[in-house]
Amino acid sequence: MEFDVGARLKQIREQHGLSQRALAQLAGVTNGTISLIEQNRSSPSVSSLRKVLQGIPMTLAEFFSSDDLPPPEQIFFKGDELIELAGELKGTVGQVSFRQVGDLRSRNLQILHERYAPGADTGRTMLQHEGEEGGIVIRGQIELTVGDRKQLLGPGDAYFFDSRISHRFRNIGEVECEVISACTPPYL
């Protein structure tokens, strides 16, 4: 089942009583950006969609959530119960997938199963937010930039940093990269 980013953004914008122009002003983007996303003529990067949603305000997790989420007290999750947060978002090049463990409405820790297609990244705009995040590369390679430091990580390699420092993830390899990560407080 494909997630319609454009229809969802339009639905949320209208629920909040905002015109495209009003949302664009609140988010600090052009109203053309909002229009292109809603018409599915532009597939926003993770950071671009997050910037648009900050005008509402809303997290990516809330944006991709639906009423059929597992209850907050759920402890164990099957693979098909993970919540896809970015199935239809594209980085600068290629597909990025963030599958979240559970519903975060009552949680302070976000755990993600991340996949980056060859050439994919989190967008040209560096990510930056409150908290800390860490992860372990399961397969493939990921280039992680944190501030002015850059490192290519492979299977078994890990990272842990202050998320207030601007950062970016890029798969510069030729195979899909898979990462298990955690972030507190939840960011996406």
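About the thresholds
Residues numbered from 1 in each chain as written. Predicted model: local features only at pLDDT ≥ 70, side-chain atom pairs only at ≥ 80, totals over all residues. Heavy atoms only, no water. Pairing = 2+ DSSP bridges. Helix = DSSP H or I, 4+ residues; strand = E, 2+ residues; numbered from the N terminus. Buried < 20%, exposed > 50% of the residue type's maximum accessible area, 1.4 Å probe, protein only. Polar contact = N/O pair within 3.5 Å; in protein donor to acceptor, adjacent residues only side chain to side chain. Axes fitted to C-alpha atoms, helices over the stretch in contact; angles between N-to-C directions. Parallel < 35°, antiparallel > 145°, perpendicular 65-115°, else oblique. Contact = heavy atoms within 4.5 Å. Nonpolar A, V, L, I, M, F, W, Y, C, P; charged D, E, K, R; others polar. pLDDT = per-residue confidence, 0-100. Core = buried A, V, L, I, M, F, W, Y, C linked by side-chain atoms within 4.5 Å. Arc of directions from axis to C-beta. Salt bridge = Lys/Arg side-chain N within 4 Å of Asp/Glu carboxyl O.

The name that an unreviewed UniProt entry assigns to the chain is Cupin domain-containing protein, with the source organism given as Azospirillum endophyticum.

Colleague: When you look at the sheet that holds strand β1 (residues 83-84) in this model, what are you seeing that I'm missing?
Modeller: The pairing of strands in a sheet happens through backbone hydrogen bonds and is either parallel or antiparallel. The six strands are arranged β1-β2-β3-β9-β4-β7 in an open sheet whose pairing can be described as antiparallel. Both edges of this open sheet fall to β1 and β7 (158-162), since each of them pairs with a single strand only. Looking at chain direction, strand β2 (residues 96-100) and strand β3 (residues 110-116) are connected through five bridges and run antiparallel. For Arg 99, the partnering residue across the bridge sits in β3 and is His 113.

Colleague: I would appreciate a short explanation of the side chain of Ser 97 in the present structure.
Modeller: In this structure, Ser 97 sits in strand β2. What makes Ser 97 buried here is its relative accessible area of 12%. Within the structure, the side chain of Ser 97 is placed 2.7 Å from the side chain of Glu 84, a separation counted as a polar contact.

Colleague: Just to check I follow, could you spell out the packing of helix α1 (residues 5-15) against helix α3 (residues 31-38) for this structure?
Modeller: In helix packing, the relevant descriptors are the interaxial angle and the interaxial distance, both defined with respect to the helix axes. The N-to-C vectors of α1 and α3 enclose an angle of 125°; their axes lie 7 Å apart at closest approach. With respect to α3, the axis of α1 lies oblique. Residue-level inspection shows Val 5, Gly 6, Ala 7, Leu 9, Lys 10 and Arg 13 of α1 in contact with α3, the latter providing Ile 34, Ile 37 and Glu 38. The residue makeup of the contact of α1 with α3, split by class, is five nonpolar, one polar and three charged.

Colleague: Could you clarify how one ought to interpret the environment of Ser 43 in this entry?
Modeller: As for its position among the elements, Ser 43 is in the loop between α3 and α4 (46-54). Between the alpha carbons of Ser 43 and Val 5 there is a distance of 8.2 Å; along the sequence they are 38 residues apart.

Colleague: Would you explain the sheet that holds strand β8 (residues 167-170) in this entry?
Modeller: The antiparallel open sheet is built from three strands, whose spatial order is β6-β5-β8. The open sheet has two edge strands with one neighbour each: β6 (149-153) and β8. The mean angle between the axes of side-by-side strands here comes to 15°, regardless of whether they run parallel or antiparallel.

Colleague: Where do I start with α4 in this structure?
Modeller: Because each turn of an α-helix spans 3.6 residues, side chains separated by three or four positions in sequence point in the same direction. If you check which residues of α4 are buried, you get Val 46, Ser 47, Leu 49, Arg 50, Val 52 and Leu 53. Here the buried face of α4 lies against α1, α2 (20-27), α3, α5 (60-64) and β2.

Colleague: How should I be thinking about the confidence of the model for the chain in this particular structure?
Modeller: Should the pLDDT be low somewhere, the predicted coordinates at that spot are not to be read in detail. Counting all residues, the mean pLDDT for the chain is 86, and 89% of those residues have values of 70 or more. Every residue in residues 68-72 scores below 50 in pLDDT, and together they form eight contacts with partners more than four places removed in sequence or on other chains.

Colleague: What is the right way to look at the nonpolar core in this model?
Modeller: For soluble globular proteins, the rule of thumb is that nonpolar side chains tend to be buried together. Residues Leu 9, Leu 53, Phe 63, Leu 85, Phe 98, Tyr 116 and Leu 188 are the most contacted members of the largest nonpolar core, which totals 39 residues. Not counting the four nearest positions on each side in its chain, Phe 63 is found in contact with Phe 3, Val 5, Arg 8, Leu 9, Ile 12, Leu 49, Leu 53 and Met 58.

Colleague: Mind showing me how you'd approach the side chain of Thr 145 here?
Modeller: For Thr 145, the position within the fold is in strand β5 (residues 142-146). What Thr 145 contacts, discounting residues up to four positions off in sequence, is Met 126, Lys 150, Ser 166, His 167 and Arg 168.

Colleague: Explain α3 to me, please; I cannot follow it from the model alone.
Modeller: For α3, every residue scored as buried is listed here: Ile 34, Ser 35, Ile 37 and Glu 38. Looking down the long axis of α3, one finds its buried residues gathered within 165° of arc, a one-sided arrangement. Residues of α3 that are buried make contact with α1, α2 and α4.

Colleague: How should I be thinking about the pairing of β6 in this particular structure?
Modeller: Successive side chains on a regular strand alternate, one facing one side of the sheet and the next facing the other. Looking at chain direction, β5 and β6 are connected through five bridges and run antiparallel. Its bridge partner being in β6, Ile 142 is matched across the sheet by Leu 153. Following β5, the chain reverses through two residues before pairing antiparallel with β6; Gly 147 in that reversal takes a positive phi of roughly 60°.

Colleague: For this particular structure, what's the right way to read the pattern of salt bridges?
Modeller: It is possible for side chains bearing opposite charge to pair when their charged atoms get close. Within the structure shown, the criterion is met by eight salt bridges. One salt bridge in this structure joins Arg 13 and Glu 38, with 2.6 Å as the shortest N-O distance. With a gap of 25 residues between them, Arg 13 in helix α1 and Glu 38 in helix α3 connect regions that are remote in the sequence. The residues Arg 13 and Glu 38 share a single accessibility class, namely buried. For Glu 176, the salt bridge identified is with Arg 139, shortest N-O distance 2.5 Å. Placement of Glu 176 in the loop between β8 and β9 (177-184) and of Arg 139 in strand β4 (residues 132-139) is noted, with a sequence separation of 37 residues between them.

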